Amino acid sequence: MNENLKVTVIDHPLVQHKLTIMRRKETGSNEFRQLLREIAMLMGYEITRNFPLEDVEIETPVAKCTAKRIAGKKVGIVPILRAGLGMLDGMLDIVPAARVGHIGLYRDPKTLKPVEYYCKLPSDVADRTLIVVDPMLATGGSSSAALTMLKEHGAKSLILMCLVSAPEGVRVVNKEHPDVPVYVAAVDDHLNDKGYIVPGLGDAGDRIFGTL
Ligand SMILES: O=c1ccn([C@@H]2O[C@H](COP(=O)(O)O)[C@@H](O)[C@H]2O)c(=O)[nH]1
Ligand SMILES: O=P(O)(O)OP(=O)(O)O
Ligand SMILES: [Mg+2]
């Protein structure tokens, strides 16, 4: 069923174990937030694996040498509000010098279409790799709209990182943004008639911020 989807599932045992705890309805906001932060860090580690390196001349206390550093401008992390904020600190734990942009989108509960309410981006988006983060890729409307907004601001190198996805959402992003690699921890079964991922984990924003 998922064979046509262009998506990388990060199946590291630590990620999968933590995700299972997050899915449980008994898991409270405090633990949910902490696990999301940890998973974001682990996923970020995998996603940045192929970032290009360049040589730099340095001097250690012992000798001069040529060492490696990440090439190019500092990466940008762009959480989709609110739920994407839950993945920001985990990313900043491993890329502390990253620039941070914010895109505010909520899903209209009737139409399930994304509604934009905020956008503030780092400078020079055209020259940075931007990692868009949102725990849930459901219909794909929010992620796709965020990627479109970033491209309208000049972004050229984009990565989408979500925790749980539905095949429907991956399909939409693949179709509308074939240039954007998609990383997830799980591709779940389907969407229900309210646009929630099944089995999923519920409303990520509500679970992170305790607004159920
Ligand atoms: O099971 C779900 C499904 C969606 N969300 C929230 O909605 C958006 C993504 O929905 P799209 O339909 O892909 O636009 C996401 O930002 C979540 O905040 C959810 O929490 N749980
Ligand atoms: O996508 P939504 O409407 O669930 O937004 P939020 O992340 O603020 O819960
Ligand atoms: Mg929500």
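Residues numbered from 1 in each chain as written. Chains lettered and ligands numbered in written order. Predicted model: local features only at pLDDT ≥ 70, side-chain atom pairs only at ≥ 80, totals over all residues. Heavy atoms only, no water.

Comments concerning the site of ligand 1
Now for step 1: Looking at ligand 1, there are 16 residues lining it, with Arg107, Asp134, Thr139, Ser142 and Ala204 nearest.
Now for step 2: Within the backbone of Gly140, a nitrogen or oxygen atom sits 2.9 Å from an oxygen atom of ligand 1.
Now for step 3: At a separation of 2.7 Å, an oxygen atom of ligand 1 approaches a polar backbone atom of Ala204.
Now for step 4: Coverage of ligand 1 by the protein amounts to 93% of the 460 Å² it exposes when considered alone.
Now for step 5: Elements represented by at least two residues in the shell around ligand 1 include exactly β9 (136-137) and α4 (141-152).
Now for step 6: Counted by class, the shell around ligand 1 contains seven nonpolar, six polar and three charged residues. (Near = heavy atom within 4 Å. Polar contact = N/O pair within 3.5 Å; in protein donor to acceptor, adjacent residues only side chain to side chain. Areas by Shrake-Rupley, 256 points an atom, 1.4 Å probe, with all protein chains shown as cover. Helix = DSSP H or I, 4+ residues; strand = E, 2+ residues; numbered from the N terminus. Nonpolar A, V, L, I, M, F, W, Y, C, P; charged D, E, K, R; others polar.)

So, helix α5 (residues 167-176)
Now for step 1: Of the residues making up α5, those classed as buried are Pro167, Gly169, Val170, Val173 and Asn174. Down the axis of α5, the buried side of the element spans an arc of 165°, and every buried residue falls inside it. (Buried < 20%, exposed > 50% of the residue type's maximum accessible area, 1.4 Å probe, protein only. Arc of directions from axis to C-beta.)

A closer look at the pattern of salt bridges
Now for step 1: Here the structure, examined in full by the defined rule, presents 11 salt bridges.
Now for step 2: The partner of Asp55 in a salt bridge is Lys68, and the shortest N-O contact between them spans 2.7 Å. Taken together, the positions of Asp55 in strand β2 (residues 53-59) and Lys68 in strand β3 (residues 64-70) put the pair 13 residues apart, joining distant regions of the chain.
Now for step 3: For Asp55, a relative accessible area of 48% corresponds to the partly exposed category.
Now for step 4: One salt bridge connects Lys151 with Asp179, and the closest N-O pair in it is separated by 2.8 Å. (Salt bridge = Lys/Arg side-chain N within 4 Å of Asp/Glu carboxyl O.)

Keep in mind that these numbers describe shape and distance, not what the molecule does.
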